[in-house]
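Single-letter residue listing:
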Amino acid sequence: MSLLVVGLSHRSAPVSVLERASLAAEAQAKLLQDTLAAEPATEAAVLATCNRIELYADVDKFHAGVAELSTLLAQHSGVGLEELTPYLYVHYEDRAVHHLFSVACGLDSMVVGEGQILGQIKDALARGQELHTAGRLLNDLFQQALRVGKRAHSETGIDRAGQSLVTFGLQQLAAGADPALWAGGKRALVIGAGSMSSLAAATLARTGVAEIVVANRTRARADRLVEILQQGDDTAVRARAVEMSAVGDELTRADIVVSCTGSTGLVLTADALADALGVSLDAAPETPAVTAVAPAPDDVDQHAAWVENGSAASAAHAGPATPRRVTVPAQSTGPVRLALLDLAMPRDIDGAAHRIAGVRLVDIESLADASADAPMAADVDRVRTIVSDEVAAFGAAQRAAHVAPTVVALRTMAADVVAGEIARLDGRLPDLDEKQRAEITQTVRRVVDKLLHAPTVRVKQLASEPGGAGYADALRELFDLDPQTVAAVSRADLNDPNRGRS
């Protein structure tokens, strides 16, 4: 079996496509279940964030796996396969491991070095475990990815290479000014009380806003976030919670709005924003759109293969992608009365808000364009080295683990042979006393252990090297081991409650 990932991200697809392809929690669960029901896959996990949707699977056939995973992504995202295919990327085996480890370190994030992705990877693993779609390979892979990400942040200054998406968004809203000076004394409205909204609220509090109002569909979660904000030792912000029905009134008093909910529809329409500001949307001046060329993904560092010519199966041989053109609405000119930061995918805030006089809107799409030219810290090279080393170590460990059940099965078979021969000896020499019988038994066991020691140690060493996966098969064939016995050993190891703990 081999690791395969098929997905799309802000590096391969325009935000408009990512927005349409976003998966709610229920859709992610159904996607995992349907992936396991598909013939090529035995394990599956989905990593879905605001700027990426990736399906990981353990498959036995590459081309069939790519075709099946691509089709399933299209079906569950609601974006047709023909439309989705040009934006998909494919990684296989070591390249798939390299990709996830890079993602975990923040190298593939919209803002390089951000650490929020670690929580999202942890959630993806928990979802796979809860639905029993993540088996040995994906459990090992995602747990190691979390460790690699933590190592990168603790051993390097990758955090300095970029900030969280929230911090970066506030910098864009400040339009070159110091965010602390820009936000100081302002009133902020945070819509949503999930992890991203909570991070936004905490960031705003540290930035120095005078008041934070939290609106959420579940009032208890909004109250809890307010309680956390007021308990902070490093801030003195006023905070209060309101019902979602009060958002319209709060807009009239807010200077900054950050929205990140799980809604599938707009939370703030252009009409609602215009009403809050007391202006007419129809009278708002049209501003021309700006068309820019976004950089193509780095084929060497980011994507091992691209799906092109409408055929997912050709991914392994595809060449580098060409730059894509994105259209970004220009912001209205004049003083900013209301600054909007939309961190949701799909978007919470109507994109037409940019046409309202006095409104400045920063969303995922504009953040992607702004971060394309963000400076890279020297620590990025150190993180890349960590990732490469960890990929090699993970591959060696997986190959060694692959042969371990076969070695255990071989030793079990040998122990059964010894037991059978000792039982036969008892029948032929019934007059042996216990001491004699124990000595003979121990001698036979020592002979068997010595005969098996060198080949089993050597096969583990060989299996950990590149191309060593076939040694387990050779061992099973040479000793005529029952495949069911080997599989039983694997299942027992996977179900070990202490396995994978660190």
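Residues numbered from 1 in each chain as written. Predicted model: local features only at pLDDT ≥ 70, side-chain atom pairs only at ≥ 80, totals over all residues. Heavy atoms only, no water.

1. Considering the overall build of the protein
For the record, the criterion: Where helices and strands are cited, they refer to DSSP runs of H or I of at least four residues and of E of at least two residues respectively, numbered from the N terminus. For this analysis, residues touch if any pair of their heavy atoms sits within 4.5 Å. Shrake-Rupley sampling with a 1.4 Å probe provides the accessible areas, and residues are treated as covered by the protein chains on show and by no other component.
The secondary structure content of the protein amounts to 18 helices and 13 strands. Taking the intrachain contacts of the protein between residues at least 6 apart in sequence as the baseline, contacts between residues at least 24 apart amount to 75%. As displayed, the protein has an accessible area near 23200 Å², and 52% of this comes from carbon and sulfur atoms.

2. Here we look at the pairing of strand S1 (residues 2-9)
Heads up, the rule is: Only protein chains enter the accessibility calculation, which uses a 1.4 Å probe. A residue is then buried if its area is under 20% of the maximum for its type, exposed if over 50%, and partly exposed in between. A pair of strands counts as paired when DSSP detects no fewer than two bridges linking them.
Counting buried positions over the eight residues of S1 gives eight, a clear majority of the element. Covered by surrounding structure in S1 are Ser2, Leu4, Val6 and Leu8 together with Leu3, Val5, Gly7 and Ser9, the residues of both alternating faces. Here S1 runs beside strand S3 (residues 52-59); their pairing, made up of eight bridges, is antiparallel. Following the sheet pairing, Leu4 is matched in S3 by Ala57.

3. Considering empty space enclosed by the protein
The method is simple in principle: a probe with the dimensions of a water molecule rolls over the atoms, and the space it marks as empty is what remains. Our working definition: Think of a 1 Å grid over the protein atoms and nothing else: a 1.4 Å probe that fits but is trapped marks a cavity, an open set flanked by protein within 12 Å on at least five of seven lines marks a pocket, and residues with an atom within 4 Å of a point count as lining. Grid points are joined across faces, edges and corners, and a volume is the space filled by probe spheres set on the points. Gly falls in the polar group here, along with every residue not listed as nonpolar (Ala, Val, Leu, Ile, Met, Phe, Trp, Tyr, Cys, Pro) or charged (Asp, Glu, Lys, Arg).
In total, this model carries five cavities of 30 Å³ or more according to the counting rule given. Roughly 130 Å³ of internal volume is contained in the largest cavity. Every residue lining the largest cavity is counted, 13 residues in all, and those nearest its centre are Cys50, Asn51, Glu114, Gln120 and Leu165. No other element matches helix H6 (residues 116-130), which puts three residues into the lining of the largest cavity. Here the residues of the lining of the largest cavity sort into six nonpolar, five polar and two charged.

4. Quick look at the nonpolar core
Note the cut-off: Residues belong to a common nonpolar core when they are buried Ala, Val, Leu, Ile, Met, Phe, Trp, Tyr or Cys residues joined through side-chain atoms within 4.5 Å.
If you look at the biggest cluster of nonpolar residues, it comprises 69 residues, and the most contacted ones within it are Leu165, Leu204, Ile212, Ile256 and Leu343. Apart from the residues lying within four places of it in its own chain, the contact partners of Leu165 are Cys50, Met110, Val111, Gln116, Met196, Leu343, Ile364 and Leu367.

5. Some details on a nonpolar patch on the surface
This is how it is decided: Within this analysis, patches are made of residues with over 30% relative accessible area and no salt bridge. Like charges are joined at 9 Å or less; nonpolar side chains (Val, Leu, Ile, Met, Phe, Trp, Tyr) at 5 Å or less. A pairing counts as a salt bridge when a side-chain nitrogen of Lys or Arg comes within 4 Å of a carboxyl oxygen of Asp or Glu.
Taken together, the side chains of Met413, Val417, Leu478 and Phe479 present a nonpolar region at the surface, about 370 Å² in accessible area. Examined against the element boundaries, Leu478 turns out to sit in helix H17 (residues 470-478).

6. Structural notes on the environment of Asn51
With respect to the helices, strands and loops of the structure, Asn51 is situated in the loop between strand S2 (41-49) and S3. Not counting the four nearest positions on each side in its chain, Asn51 is found in contact with Ser9, His10, Leu18 and Met110.

7. Examining helix H5 (residues 94-104)
By the criterion of burial, H5 is predominantly enclosed, with nine of the 11 residues buried. Turning to H5, its buried residues number three or more, namely Ala96, Val97, His98, His99, Leu100, Phe101, Ser102, Val103 and Ala104. Where H5 terminates, the next one or two residues include Gly106, which has phi positive at roughly 85°.

8. Looking at the confidence of the model for the protein
Our working definition: Values of pLDDT, the confidence the predictor places in each residue, fall between 0 and 100.
Predicted confidence across the protein gives a mean pLDDT of 81, with 80% of residues reaching 70 or more. Residue range residues 286-330 is modelled with pLDDT below 50. Its contacts to residues more than four positions away, or to other chains, number 100 contacts. Here residues 497-502 is a poorly scored stretch, pLDDT under 50, and it has seven contacts once near neighbours within four places are set aside; other chains count.

9. Considerations on the pattern of salt bridges
One pass over the full model with this rule turns up 19 salt bridges. Among the salt bridges present, the one from Glu155 reaches Arg151, with a minimum N-O distance of 3.0 Å. Here Glu155 pairs with Arg151, and both are found in helix H7 (residues 136-155), just four residues apart, close to one helical turn. Residue Glu155 is classed as partly exposed on the basis of its relative accessible area, which comes to 40%. A salt bridge links Glu250 to Arg253, with the shortest nitrogen-to-oxygen separation between them at 3.0 Å. Using a relative accessible area of 6% as the deciding quantity, one classes Glu250 as buried.

10. A look at the sheet that holds strand S12 (residues 338-342)
Note: strands within a sheet are paired through backbone hydrogen bonds, in either parallel or antiparallel orientation. Let me state the cut-off plainly: Geometry is summarised by axes, namely lines fitted to C-alpha atoms with helices restricted to the contacting stretch, and by angles between N-to-C directions that run from 0 to 180 degrees.
Taken together, the six strands give an open sheet; going across it, the order is S7-S6-S5-S8-S12-S13, and neighbouring strands pair in parallel fashion. The open sheet is flanked by strand S7 (238-242) and strand S13 (359-363), the only strands paired with a single partner. Across this sheet, the average inter-strand angle for adjacent strands is 15°, counted without regard to direction. Examined bridge by bridge, strand S5 (residues 187-191) and strand S6 (residues 211-215) share five bridges and lie parallel to one another. Counterpart to Ala188 in the pairing with S6 is Ile212.

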